[in-house]
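Observations on chain architecture
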Amino acid sequence: MTFSIDAFIADCTDALAEARPATAVRELLDRALRKPQDVADAFDPPTRAELVPLYASPELTVLKIIWAPGMKLAPHDHRMWAAIGIYGGKEDNRFYRRSPEGLIPSGERALADRDTVVLGTETIHAVTNPDARAFTGSIHVYGGDYLNKPRSLWDPETLTEEPATGERIRALFEAANADLPQT
C-alpha cells in the first residue's frame, strides 16, 4: 500500500483522542517510514529548502520540511509536542535547555531515513542537514497550531532569544535556497 498524505493526516487527527497523542503520532510515522520511498514518492522530488503546511488546525499541524544541503536552523522552540520523521537524508539535532546563564547544550541526536523522534513542549533544538550535497525530507507533526503559536528563535552566535516570526523563518529558508547551485 502506498503512502497517502490525506490518510496520514486523518490518522494523526484521530490520534489526538489517544491518551498520549504524541506517542500515537510517532507510531504512525514509524509505520509510514517502514517504506520511506513510498513517503518520498507522495511528494515532488526536493529541489529547494521548503516548509510546506499540509494541514493546520488549532489542535494539529502537519508540515513537510525539506532541509537544503548543509542547511542550519538556529536553536528554536515549538512550545508544543512535535513528532518528526525522516523519509530521506539526515537531520542532526542539538538540544539545549534554559539556565540562569542562558541556553546551555544538553545533548544531540542524529536522525536518518526511517528515524522518528518525539520532542516535548519545553524542547529547544538546533537542526542541521549534515550532508553538503543532498536534501533531507521530513514530516513534522505538531500538537497545536504551529503556524500561529508564538515561539522563540535564538541567535546562533550570541544565543540571544528573539521571536520566531514566520517572516524570519521564511528568510532562513530563502537564504538556504540562495546558496544552492544554479541549474
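Here the structure is a predicted model, which means the values were calculated and not measured.

**Quick look at the pattern of salt bridges**
Summed over all chains, the structure comprises seven salt bridges. Where Asp77 meets Arg79, a salt bridge forms, and the shortest distance between an N and an O atom there is 3.1 Å. What makes Arg79 partly exposed here is its relative accessible area of 33%. Between Glu161 and Arg98 there is a salt bridge, with its nearest N and O atoms 3.0 Å apart. One end of the pair, Glu161, is in strand S11 (residues 161-163); the other, Arg98, is in strand S5 (residues 90-99), with 63 residues separating them in the sequence. Given a relative accessible area of 46%, Arg98 falls into the partly exposed group. Each of Asp77, Arg79, Arg98 and Glu161 takes part in a single network of salt bridges with overlapping partners.

**Notes on helix H4 (residues 166-178)**
Note on helix geometry: an α-helix contains 3.6 residues per turn, so any two residues three or four positions apart are oriented the same way. Taking 1.5 Å per residue as the helical rise, H4 with its 13 residues ought to reach 18 Å, and the 18 Å between its terminal C-alpha atoms agrees with that figure. By the burial criterion, the buried members of H4 are Ile169, Phe173, Ala176 and Asn177. On an axial view of H4, the arc spanned by its buried residues comes to 105°, and they lie on one face. Opposite the packed face of H4, turned more than 90 degrees from it, sit the exposed residues Glu167, Glu174 and Ala178. Packed against the buried residues of H4 are strand S1 (50-56), strand S2 (61-67) and strand S10 (152-154).

**Let's talk about the packing of aromatic side chains**
Applying the stated criterion across every chain, the model contains four aromatic pairs. Pairing Trp67 with Phe173 gives two aromatic rings, centres 5.7 Å apart and planes at 25°, and the pair type is stacked. You can see Trp67 sitting in strand S2 and its partner Phe173 sitting in helix H4, a full 106 residues away along the chain. Neither residue differs from the other here; Trp67 and Phe173 are each classed as buried. Where Tyr142 meets Tyr146, the ring centres are 4.1 Å apart and the plane angle is 20°; that geometry is what we call stacked. The class of Tyr146 is buried, set by a relative accessible area of 6%. The ring of Tyr146 carries Arg151 above its face, with NZ or CZ at 3.9 Å from the centroid.

Basis of the calculations
- Residues numbered from 1 in each chain as written.
- Predicted model: local features only at pLDDT ≥ 70, side-chain atom pairs only at ≥ 80, totals over all residues.
- Heavy atoms only, no water.
- Salt bridge = Lys/Arg side-chain N within 4 Å of Asp/Glu carboxyl O.
- Buried < 20%, exposed > 50% of the residue type's maximum accessible area, 1.4 Å probe, protein only.
- Helix = DSSP H or I, 4+ residues; strand = E, 2+ residues; numbered from the N terminus.
- Expected span 1.5 Å × (residues − 1).
- Arc of directions from axis to C-beta.
- Contact = heavy atoms within 4.5 Å.
- Phe/Tyr/Trp six-rings, centres within 6.5 Å; stacked < 30°, edge-to-face > 60°.
- Lys NZ or Arg CZ within 6 Å of the ring centre and 35° of its normal.

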